[in-house]
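Coordinates in review
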Amino acid sequence: MKKNKAADQSKLELFAENTPEAVSSDVQKAESLPACSPEDTSVAAQDAQSAEIICQPIADEMQAEPLLVSADASTEVTVSRKVQFDSQKNKKKLTRNILTYRISMSIFFIIACMIAVVSLLPIVLTILNSFMSETEIKTNYSAVFNSLSGYTSSTKTYLASEPKLKLIPEMVSFKQYAKILFDSPTYLIKFWNSVSLVVPIVIFQMITGALASYSFARYRKKRREVLFFSYIILMLMPFQVTLVPNYLIADKLGILDKPLAIILPGIFSTFSVFLLTKYMRQIPSSYVEAAKLDGAGEWQIFTMICIPMCRSALYAMGILLFIDYWNMVEQPLVLLTDPDKQPLSVFLSQINSGEVGIAFAASFIFMIPPLLIFLHGEQYLIEGISRSGIK
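Since this is a predicted model, take the numbers as computed values, not measurements.

Mean pLDDT for the chain: 74, with 69% of residues reaching 70 or above. Looking across the chain, the model is least confident in helix H1 (residues 2-17), with a mean pLDDT of 45, and most confident in helix H9 (residues 260-267), with 90. Low pLDDT, under 50, characterises residues 1-23; the predicted model gives this stretch 15 contacts beyond four residues in sequence or across chains.

Here it is, written out as structure tokens:
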């Protein structure tokens, strides 16, 4: 580039010195001088011709340079217009994508709100109706309670009249709660039956599940993988399939119609083993190796490394187990024939239509323990389930 610029500069200087105007002025000066010999005249003519020959290419090159500059300028304008067009096109596409995203999210939000309202409506009705008097409840739901069999025609079944559903009670009443908690001891007996069944199941299942999960996570041999696969198969089976074998085993052991008939099968459930095994396998092996180098044994590794790192999974497992066994109905009905030993969940299913106010109040109190436990450990529940690999 520097050489080309120097050559162009020298050409320009030569052109400035040997232009036709300069040559003509030199000729005029020469004419004004005294007459020269024919030899001098011929030499001057030759110099003029050589100057014209040298200047002509330079002049042509100087005339071509504006054309090149104009071509480059037009190219730059075309490129700038194309870039401008592409940017406008990208802006329109981005605006369209943002609008589509907002519309889809709005539709999703509306659908989610509708599902939430439909899901929460029975709970809201239960809570609000528990503060209504017996007379108001019978007035609102008499069409349902008095026509449970319905008005039967040849092909369809109808209610005799239209029910009246009210969210806000006309007069707040606490008679149902007073009758349940103070006047009748049945509810409290059933409540403590539920507590005495659920709490041991949750505690001992967490202990046995943690020990078994540590074994499956630490020692991955072929036989243990086969045993773990059998655990998964048992977990996928509904409890109705194993209910009859549990009944036969409880009868053989002599624990039928006793709380142990429900507690023992619950302690050795497979769900906690599956959940904690998936979680413990995500613990880095470098932690275990470092603990072994420090002289830690298996029990110390289990209690000081695995259990603290699985705290969120233990919280999640405890919440899910409590809610599951708090709502159990079939196992107590089959394995506990004595009504005084049955839990509160069975009591709620046996309340007749003449005690609807008590049923609403008992249902609301029945929801409080699992709801409090869920709200207390909601963060651990989400973290434990997400990190354990359950989708």
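So that's the structure; there's more coming.
Looking now at the nonpolar core. Inside soluble globular proteins, nonpolar side chains tend to come together where they are buried. Counting residues in hydrophobic clusters, the biggest one holds 49 residues, and the most contacted among them are Tyr187, Ile262 and Met280. The greatest single-element share of this core, amounting to nine residues, is contributed by helix H6 (residues 186-218). Apart from residues no more than four positions distant in its own chain, Tyr187 is found in contact with Ile180, Leu181, Leu344, Phe347, Ala362, Ile365 and Phe366. In this structure, Leu125, Tyr141, Val356 and Phe360 belong to the second largest nonpolar core, which totals six residues.

What the rule picks out here adds up to 12 aromatic pairs. Seen in terms of ring centroids, Phe131 and Phe174 are 5.6 Å apart; in terms of plane orientation they differ by 80°. Their pairing is edge-to-face. Here the residue Phe131 occupies a position in the loop between helix H3 (38-129) and helix H4 (134-145), and Phe174 occupies one in the loop between strand S2 (157-158) and helix H5 (175-183), the gap between them amounting to 43 residues. Judged by centre distance (5.5 Å) and plane angle (85°), the rings of Phe191 and Trp192 are edge-to-face. The residue whose ring lies beneath Arg281 is Phe228, and the NZ or CZ to ring-centre distance is 5.1 Å.

The subject of this paragraph is a nonpolar patch on the surface. On the surface, Leu120, Leu121, Ile123, Val124, Leu167 and Ile168 cluster together into a nonpolar patch covering about 530 Å² of accessible area. Turning to its location among the elements, Leu121 is positioned in helix H3.

Our next topic: the side chain of Thr126. By the element assignment, Thr126 lies in helix H3. In terms of polar contacts, Thr126 uses its side chain to reach the backbone carbonyl oxygen of Pro122, at 2.7 Å.

Moving on to the layout of surface pockets. If you add up the space inside the largest pocket, you get close to 930 Å³. The wall of the largest pocket is formed by 34 residues, among which Phe239, Thr242, Pro265, Ser269 and Tyr325 lie closest to the centre. Secondary-structure elements contributing two or more residues to the lining of the largest pocket are helix H7 (222-236), helix H8 (239-253), H9, helix H13 (311-326) and helix H14 (330-335). The leading source of residues in the lining of the largest pocket is H8, at seven residues. Taken together, the residues of the lining of the largest pocket sort by class into 24 nonpolar, eight polar and two charged.

Moving on: the pattern of salt bridges. For side chains of opposite charge, pairing can occur when their charged atoms come near one another. Under the defined criterion, the tally for this structure stands at one salt bridge. Across the pair Glu298 and Arg218 runs a salt bridge whose closest N-O atoms are separated by 3.3 Å. Of this pair, Glu298 sits in helix H12 (residues 298-309) while Arg218 sits in helix H6, and the two are 80 residues apart along the sequence. By relative accessible area, Glu298 is classed as partly exposed at 30%.

It is worth spelling out the environment of Arg224 at this point. Locating Arg224 in the fold gives a position in helix H7. By relative accessible area, Arg224 is classed as partly exposed at 33%.

A surface patch of positive charge is lined by Lys89, Lys92, Lys93 and Arg96. Mapped onto the elements of the fold, Lys92 is located in helix H3.

With 12 residues, H12 should cover 16 Å at 1.5 Å per step; its first-to-last C-alpha distance of 15 Å lies within 8% of that length. Listed as buried for H12 are Ile301, Phe302, Ile305 and Cys306. Take H12 and look down its axis: the buried residues cluster within an arc of 125°, on one side only. Turned more than 90 degrees from where H12 packs its buried face, Trp299 and Met304 sit exposed. Looking at the buried positions of H12, the neighbouring elements they touch are H6, helix H10 (271-280) and helix H11 (285-293).

Attention shifts here to unusual backbone geometry. Notably, Asp257 is not glycine yet its phi reads approximately 65°, a positive angle. Inspection of the secondary structure puts Asp257 in the loop between H8 and H9. Overall, the relative accessible area of 21% leaves Asp257 in the partly exposed class.

Basis of the calculations
Residues numbered from 1 in each chain as written. Predicted model: local features only at pLDDT ≥ 70, side-chain atom pairs only at ≥ 80, totals over all residues. Heavy atoms only, no water. pLDDT = per-residue confidence, 0-100. Helix = DSSP H or I, 4+ residues; strand = E, 2+ residues; numbered from the N terminus. Contact = heavy atoms within 4.5 Å. Core = buried A, V, L, I, M, F, W, Y, C linked by side-chain atoms within 4.5 Å. Buried < 20%, exposed > 50% of the residue type's maximum accessible area, 1.4 Å probe, protein only. Phe/Tyr/Trp six-rings, centres within 6.5 Å; stacked < 30°, edge-to-face > 60°. Lys NZ or Arg CZ within 6 Å of the ring centre and 35° of its normal. Patch = residues over 30% accessible without salt bridge, like charges linked within 9 Å, V, L, I, M, F, W, Y side chains within 5 Å. Areas by Shrake-Rupley, 256 points an atom, 1.4 Å probe, with all protein chains shown as cover. Salt bridge = Lys/Arg side-chain N within 4 Å of Asp/Glu carboxyl O. Polar contact = N/O pair within 3.5 Å; in protein donor to acceptor, adjacent residues only side chain to side chain. 1 Å grid on protein atoms, 1.4 Å probe; cavity = no way out; pocket = protein on both sides within 12 Å on 5 of 7 lines; lining within 4 Å. Points joined across faces, edges and corners; volume = space filled by probe spheres on them. Nonpolar A, V, L, I, M, F, W, Y, C, P; charged D, E, K, R; others polar. Lys, Arg positive; Asp, Glu negative; His and termini not counted. Charge placed at Lys NZ, Arg CZ, Asp CG, Glu CD. Expected span 1.5 Å × (residues − 1). Arc of directions from axis to C-beta.

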